[in-house]
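# Structure at a glance
What follows is the residue order along each chain.
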Amino acid sequence: FHGYWHRNPWRLGFFATRRDFRQGMALWHSLGINSVFYRPPHGNITLANWFYARKFSLRPLLWTAIIGDWHNIGKDEIVSRLEKKVGDGAVICLHDSGQDTGGEEGAPLGTLAAVEKFIPLAVAKGYEWEKQQ
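Attention in this report is confined to the structure presented alongside it. Note that the coordinates shown come from a computational prediction; the quantities given were computed from them, not determined experimentally.

## What to know about the packing of helix H3 (residues 75-85) against helix H4 (residues 107-124)
Where H3 meets H4, the axes come as close as 8 Å, and the angle between the chain directions of the two elements is 45°. Comparing the axis directions of H3 and H4 gives the class oblique. Judged by the sense of rotation from one axis to the other, the crossing of H3 with H4 is right-handed. Along the contact surface, H3 presents Lys75, Asp76, Ile78, Val79, Leu82 and Glu83, while H4 presents Gly110, Thr111, Ala113, Ala114, Lys117, Phe118 and Leu121. Here the residues of the contact of H3 with H4 sort into 7 nonpolar, 2 polar and 4 charged.

Here's what the structure looks like:
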């Protein structure tokens, strides 16, 4: 779970955070999705989003590798950054949406193409993958 909006938690108050969680969780449940993790937007933890993560039985989760793929840097640069930053036990933060959440136009297409290229390279090196919602 990542929230309904993609706003920096430091800019939200307690009541806006509550609304974000309620709307987001209602949407997920309507789609039949049950998440156990909460990845706070921008990686920022506040007392409010920590409280609501726990209230909705979500475990906060941060990443160990962030690639900057919200910029339209292209698949080859994304793959290069992944190869440099990913190691055993890594939690990779990638983005699959664009301008409506602050990303650059076309950026998600580069990310998707990079993932298609990177996963076989990583598997060949012996990495295994766990998908988390």
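From this point, things continue past the structure.
## A look at the environment of valine 36
In this structure, valine 36 sits in the loop between helix H1 (14-30) and strand S1 (37-38). Linking valine 36 and leucine 58, residues 22 residues apart in sequence, is a C-alpha distance of 4.9 Å.

Cut-offs applied
- Residues numbered from 1 in each chain as written.
- Predicted model: local features only at pLDDT ≥ 70, side-chain atom pairs only at ≥ 80, totals over all residues.
- Heavy atoms only, no water.
- Axes fitted to C-alpha atoms, helices over the stretch in contact; angles between N-to-C directions.
- Helix = DSSP H or I, 4+ residues; strand = E, 2+ residues; numbered from the N terminus.
- Parallel < 35°, antiparallel > 145°, perpendicular 65-115°, else oblique.
- Left-handed = near helix turned anticlockwise from the far one by under 90°.
- Contact = heavy atoms within 4.5 Å.
- Nonpolar A, V, L, I, M, F, W, Y, C, P; charged D, E, K, R; others polar.

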